[in-house]
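Results of the structural survey
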Amino acid sequence: MNRALSSLLRVVIKKNIKTWEECLPHVVFAYNRVVHSTTQHSPFEIVHGFNPLTPLDLLSLPNTYVLKHKDDRAKVEYVRKIH
C-alpha cells in the first residue's frame, strides 16, 4: 500500500509542485477506486457496495435512482460476503 501511494503521489506532485494540495482529492479517489489483487474489490466497493467510475458518481443521487442495496441488511450481507 505504501509503495503504491508513494508512486502515485510522486507522479502527481512532480507535475503539480505548487498546487499539489489541490490534487489530493483526485489521488484519494484514484487509490480507493482501484481493485486490489487480494480482495478482488476496491476499497470503495467494500465500504459502499459499488465502484464509481468518476467523482461525479459520488454527487447526490436523484430520488428515482435505485441503489444496489435498498436495505441495510442486504448491504451488511454483501460486505460480509466480500470480507
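To be clear, the structure that these remarks concern was listed above.
Report follows, based on the coordinates. (Residues numbered from 1 in each chain as written. Predicted model: local features only at pLDDT ≥ 70, side-chain atom pairs only at ≥ 80, totals over all residues. Heavy atoms only, no water.)

1. Details of the packing of helix 1 (residues 2–15) against helix 2 (residues 20–33)
Two elements in contact, helix 1 and helix 2, have axes whose closest approach is 10 Å; the angle formed by their N-to-C orientations is 140°. Comparing their axes, helix 2 and helix 1 come out oblique. Like other packed secondary-structure pairs, helix 1 and helix 2 cross with a definite hand, here right-handed. Only Trp20, Cys23, Leu24, Val27, Ala30 and Tyr31 of helix 2 make contact with helix 1, whose side of the interface consists of Ala4, Leu5, Leu8, Leu9, Val12 and Ile13. Of the residues assigned to the contact of helix 1 with helix 2, the class counts are twelve nonpolar, no polar and no charged. (Axes fitted to C-alpha atoms, helices over the stretch in contact; angles between N-to-C directions. Helix = DSSP H or I, 4+ residues; strand = E, 2+ residues; numbered from the N terminus. Parallel < 35°, antiparallel > 145°, perpendicular 65-115°, else oblique. Left-handed = near helix turned anticlockwise from the far one by under 90°. Contact = heavy atoms within 4.5 Å. Nonpolar A, V, L, I, M, F, W, Y, C, P; charged D, E, K, R; others polar.)

2. Some thoughts on the environment of Val12
In this fold, Val12 is placed in helix 1. The contact partners of Val12, leaving out residues within four places of it in the chain, are Cys23 and Val27.

3. Points about helix 2
Its 14 residues place the ends of helix 2 20 Å apart at the C-alpha level, agreeing with the 20 Å of an ideal helix rising 1.5 Å per residue. The largest bend in helix 2 is about 25°, located at His26. Turning to helix 2, its buried residues number three or more, namely Cys23, Val27, Phe29 and Tyr31. (Expected span 1.5 Å × (residues − 1). Bend = angle between axes of the 7 residues up to and from the residue. Buried < 20%, exposed > 50% of the residue type's maximum accessible area, 1.4 Å probe, protein only.)

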